[in-house]
Amino acid sequence: SVNSSGSISVSPHGLETLPHQEIDLMKVVKKVSEPKSLGGLGLPLPLIVRLPDILKNRLESLQSAFDSAIQSQSYGSHYQGVYPVKCNQDRYMVEDIVEFGTPYRFGLEAGSKPELLLAMTCLCKGNPEALLICNGYKDAEYISLALAARKLALNTVIVLEQEEELDLVIEMSKKLAVRPVIGMRAKLRTKHAGHFGATSGEKGKFGLNTMQILRVAKKLEQTGMLDCLQLLHFHIGSQIPTTSLLADGVGEATQIYCELVRLGADMRVIDVGGGLGIDYDGSQSPDSDNSVGYGLEEYASAVVQSIQNACDRKFVKHPVICSESGRALVSHHSVLIFEAVSASAPVAPTMDSLGLGLDYLADGLTDESLSDYRNLTAAAARGDFETCLVYADQLKQRCVDQFKEGSLSLEYLASIDNISELVSKAIGTSDPVRTYHVNLSVFTSVPDFWGIGQQFPIVPIQRLDEKPVVKGVLSDLTCDSDGKVDRFIGGETSLPLHELVGEAGILGSGGGAGYYLGMFLGGAYQEALGGLHNLFGGPSVVRVSQSDGPHSFAVTRAAPGLSCGEVLRVMQHEPEMMFETLKHRVEECVHGVDSDDDELARDTLVSGLARSFHNMPYLANTATAAS
Ligand code: PLP
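Residues numbered from 1 in each chain as written. Predicted model: local features only at pLDDT ≥ 70, side-chain atom pairs only at ≥ 80, totals over all residues.

1. Here we look at the UniProt feature "modified residue: N6-(pyridoxal phosphate)lysine" (unreviewed entry) in the protein chain
Thought 1: Residues given the UniProt feature "modified residue: N6-(pyridoxal phosphate)lysine" (unreviewed entry) here are Lys86.
Thought 2: If you trace the backbone, Lys86 turns up in the loop between strand E4 (82-84) and helix H3 (91-101).
Thought 3: Residue classification places Lys86 among the buried residues on the basis of 20 C-beta atoms within 10 Å.
Thought 4: Among all residues touching Lys86, those that are not within four sequence positions of it are Gly111, Glu115, Gly326 and Ala528. (UniProt positions renumbered as here; feature names shortened; annotations may be inferred. Helix = DSSP H or I, 4+ residues; strand = E, 2+ residues; numbered from the N terminus. Buried ≥ 20, exposed ≤ 12 C-beta atoms within 10 Å, placed from the backbone. Contact = placed C-beta atoms within 7 Å.)

This is how it looks when you write it as structure tokens:
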């Protein structure tokens, strides 16, 4: 919500809770970015603020949606979810999920060997009944790791993604003398038409088709291991648009589940995968690419009802319901905060600003250009702006040609651009949208915007008691034309923003005062998918919990993003050696008379170089620049 200071504040326990406590995001930014000497943490922006209270609320809301559906429909088993760590593998966040989920037997899902290692470690502190679902393509090492997890008394299920994995599971489990629990990922015929539906349907990339499912069951029977087959999994894609599609998929999967029961498998769990969607654009519309047409309750109810109906028809015992909701669990828990450091100047060109008079201008033009120029001024005198525009465009093109061939100076060309801009402005065709330069990399922090056109709510986090009078797009720090955010929720091509305080076009003009924007709902996928384009490392990260202190929040963990040295190391450079090389070069270049001055110059250069390796790649924000 917007508080009385006009800033965005977060109320993790809802606005109705009394006494009402809120976390003012501007106070968090101040605390985090102010220098240590002023009582701050001295961390640079951009900043990810993690809110564990929100994470807890999401997990409990998901659990309670299923608990209510199960109770109201008299379903004969329980729900125990898992969190797919691929959505965000941050250690402290996964540890929070395990802790908050312990009362509910909430587990984890892994899709690769490192994810499995982290899930195993985190679950050592979790509920022993919590599931550890092993998805993804597997080799012998992955399978032996999953079998080791079972030996460590973790409730591990190896979910076959491909038929060939079965031979490895049989062989390795015999070798390691572990009785595995096996699941199968079914390739359903139910297909989801949205962006994420490409993985579903008969031609989908993942899972076993009907023939393969039957062959796996047969082989397990032949090897005396059919009792090991206990779980059926499917995933029809992220952001499932409607509950009717969901019910269709769950119904189909439950039929397969019941058939496996009939074939003698010791089936216990149906794992409905991810896909529980969230409403990024507020439309709650299944027709929007950025929303879905249901909430948590409707989702849970559709899942429970579909499983129950199918099982009851076949007199099959109701299975434990597992879901792998990632996006719906973690998207809300973090806010990305970044600063607008400058904005393009408002469109108001004047001839005087370049010190060039129109008469002077007329002198340097060819006859054709001169005639365009005269027609232009005559049309302007008549107030015929449409004609003005025609001549202005023609004049501009001729002058560009003249410039290219070397017969027009840079000052002339600038003046012609200026005239053309003035005419556009006069007839209202000039682009009123301004570019705000933000201290951020879209590729690192909002990769889904760049990669798949996903939209996120972006809003200034302060001055919200003041009307935003400027239309702006956001341009990031990378040297890449895709590094911008210029499409916004609701089909808008600009964002309502405030005028920056201070002089435009100068670093830190948002500055002294600071102009901060927040991107919300980016807690899933963005951090892990983000790349290192232009070697911008990750933002600083803080964990902020609600507390009874004076600010009603406490920063319980704080870490800067990768330094220049660390990000260089990712690409195989060796910062220590680089520093030594450059230091050596300083000694070679700054010498001569061995005076005190030389020594001072060398020391200054060397310590400057050392700082450059140590500091972050982003623009130093005004608060920390001084420190
Ligand atoms: N499980 C599997 C197998 C997935 O591939 C995914 C993501 O695509 C998920 C779970 C998480 O999906 P979501 O974030 O939509 O809940």
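Let us keep going from here.
2. Focus on the packing of H3 against helix H4 (residues 113-123)
Thought 1: In the contact formed by H3 and H4, the axes pass within 10 Å of each other and the chain directions differ by 45 degrees. Judged by the angle between their axes, H3 and H4 are oblique. The element H3 and its partner H4 pack so that their crossing is right-handed. The segment H3 lies against H4, with Val94, Glu95 and Val98 engaging Leu118, Cys122 and Leu123.
Thought 2: A per-class count over the contact of H3 with H4 returns five nonpolar, no polar and one charged. (Axes fitted to C-alpha atoms, helices over the stretch in contact; angles between N-to-C directions. Parallel < 35°, antiparallel > 145°, perpendicular 65-115°, else oblique. Left-handed = near helix turned anticlockwise from the far one by under 90°. Nonpolar A, V, L, I, M, F, W, Y, C, P; charged D, E, K, R; others polar.)

3. So, H4
Thought 1: All of the buried residues in H4 are Glu115, Leu116, Ala119, Met120, Cys122 and Leu123.
Thought 2: Against H3, strand E5 (107-110), strand E6 (131-134) and helix H5 (140-151) lie the buried residues of H4.

4. Regarding the site of the ligand
Thought 1: Among the 15 residues in the neighbourhood of the ligand, the closest are listed as Ser238, Gly274, Glu324, Gly326 and Arg327.
Thought 2: For the shell around the ligand, a count of residues per class yields five nonpolar, eight polar and two charged. (Near = placed C-beta within 6 Å.)

5. A word on the confidence of the model for the protein chain
Thought 1: With 93% of its residues at a pLDDT of 70 or more, the protein chain shows a mean pLDDT of 90.
Thought 2: A low-confidence stretch, residues 349-357 (pLDDT under 50), is modelled with 15 contacts involving residues beyond four sequence positions or located in other chains.
Thought 3: Under the prediction, the complex receives an ipTM of 0.99, its pTM being 0.90. (pLDDT = per-residue confidence, 0-100.)

6. Details of the environment of Arg268
Thought 1: Mapped onto the secondary structure, Arg268 falls in the loop between helix H8 (243-262) and strand E10 (269-271).
Thought 2: On the basis of neighbour counts, which here come to 18 C-beta atoms within 10 Å, the residue Arg268 falls in the partly exposed class.
Thought 3: Separated by 213 residues in sequence, Arg268 and Leu55 have C-alpha atoms that sit 29 Å apart.
Thought 4: In contact with Arg268, other than residues within four places in its own chain, are Gln230, Leu231, Pro319 and Val320.

7. Considering helix H7 (residues 210-222)
Note on helix geometry: an α-helix contains 3.6 residues per turn, so any two residues three or four positions apart are oriented the same way.
Thought 1: The first and last C-alpha atoms of H7 sit 19 Å apart over 13 residues, in line with the 18 Å expected at 1.5 Å per residue.
Thought 2: Among the residues making up H7, those that are buried are Ile213, Val216 and Leu220. Down the axis of H7, the buried set is contained in an arc of 60 degrees. They therefore lie on one face. Facing away from the buried side of H7 by over 90 degrees, the exposed positions are Met211, Lys218 and Gln222. (Expected span 1.5 Å × (residues − 1). Arc of directions from axis to C-beta.)

8. A look at the UniProt feature "active site" (unreviewed entry) in the protein chain
Thought 1: Following the UniProt record, one finds the feature "active site" (unreviewed entry) at Cys479.
Thought 2: Structurally, Cys479 can be placed in the loop between strand E15 (470-475) and strand E16 (484-485).
Thought 3: Residue Cys479 is classed as exposed on the basis of its 8 C-beta neighbours within 10 Å.

9. Re the nonpolar core
Thought 1: Within the largest apolar cluster, 146 residues are counted, with the highest numbers of intra-cluster contacts made by Leu25, Val49, Leu132, Leu232, Val303 and Ile337.
Thought 2: Broken down by element, this core gets its largest block of residues, nine residues, from helix H9 (residues 296-313).
Thought 3: Residue contacts for Leu132: discarding those within four places in its chain leaves Gly107, Leu108, Ala119, Met120, Leu123, Ala149, Leu154, Asn155 and Thr156.
Thought 4: Counting residues in hydrophobic clusters, the runner-up holds 13 residues, among them Tyr373, Ala392, Tyr412 and Ile419. (Core = buried A, V, L, I, M, F, W, Y, C linked by C-beta atoms within 7 Å.)

10. Things to note about the environment of Arg262
Thought 1: Within the secondary structure layout, Arg262 lies in helix H8.
Thought 2: Placed 79 residues apart in sequence, Arg262 and Gly183 show a C-alpha to C-alpha distance of 16 Å.

11. Observations concerning the packing of helix H2 (residues 52-72) against H9
Thought 1: The contact between H2 and H9 brings their axes to 8 Å, and the two run at 45 degrees. By the angle between their directions, the pair H2 and H9 is classed as oblique. As H2 runs across H9, the sense of the crossing is right-handed. Contacts between H2 and H9 involve Ser61, Leu62, Ala65, Phe66, Ser68, Ala69 and Ile70 from the first element and Leu296, Glu297, Tyr299, Ala300, Ser301 and Val304 from the second.
Thought 2: Split into classes, the residues belonging to the contact of H2 with H9 amount to nine nonpolar, three polar and one charged.

12. Some thoughts on the sheet that holds strand E11 (residues 320-322)
Think of a sheet as strands paired side by side through backbone hydrogen bonds, with each pair either parallel or antiparallel.
Thought 1: Here we have eight strands laid out as an open sheet, ordered E4-E5-E6-E7-E8-E9-E10-E11, and parallel in their pairing. Either end of the sheet is taken by a strand with one partner, and the two such strands are E4 and E11. Each strand of the sheet is rotated relative to its neighbour by a mean of 25 degrees, with strand direction disregarded.
Thought 2: Where strand E7 (residues 155-160) meets strand E8 (residues 182-185), three bridges bridge the pair, whose relative direction is parallel. Looking at E8, one finds that Ile158 is bridged to Ile182.
Thought 3: Along the sheet, H5 makes contact with E6 and E7, crossing E7 at roughly 155 degrees. (Pairing = 2+ DSSP bridges.)

13. Overview of the pairing of strand E3 (residues 47-50)
Thought 1: Of the two faces of E3, both are covered, the one formed by Leu47 and Val49 as well as the one formed by Ile48 and Arg50.
Thought 2: Judged from the four bridges that link them, E3 and strand E12 (residues 334-343) form a sheet pairing that is antiparallel. Bridged to Arg50 within E12 is Ser334.
Thought 3: Relative to strand E19 (residues 540-546), E3 runs parallel, the two being bridged by four bridges. For Val49, the partnering residue across the bridge sits in E19 and is Val542.

14. With respect to unusual backbone geometry
Thought 1: Residue Leu45 is joined to Pro46 through a cis peptide bond whose omega torsion reads 0 degrees.
Thought 2: Located in the positive-phi region is Ala153, a residue other than glycine, with phi close to 65 degrees.
Thought 3: Tracing the backbone through its elements, the reader meets Ala153 in the loop between H5 and E7.
Thought 4: Its identity as a non-glycine residue notwithstanding, Leu535 has a phi of 55 degrees, on the positive side.
Thought 5: Take Leu535: it is sitting in the loop between helix H17 (526-529) and E19.

15. Considerations on the pairing of strand E13 (residues 434-438)
Thought 1: Sheet topology note: the E12/E13 ladder contains three bridges and is antiparallel. Within the sheet, the bridge partner assigned to Ala340 lies in E13 and is Val438.
Thought 2: Strand direction decides the pairing type here: E13 and E15, joined by four bridges, are parallel. Considered in E15, the bridge of His437 is made with Ser475.

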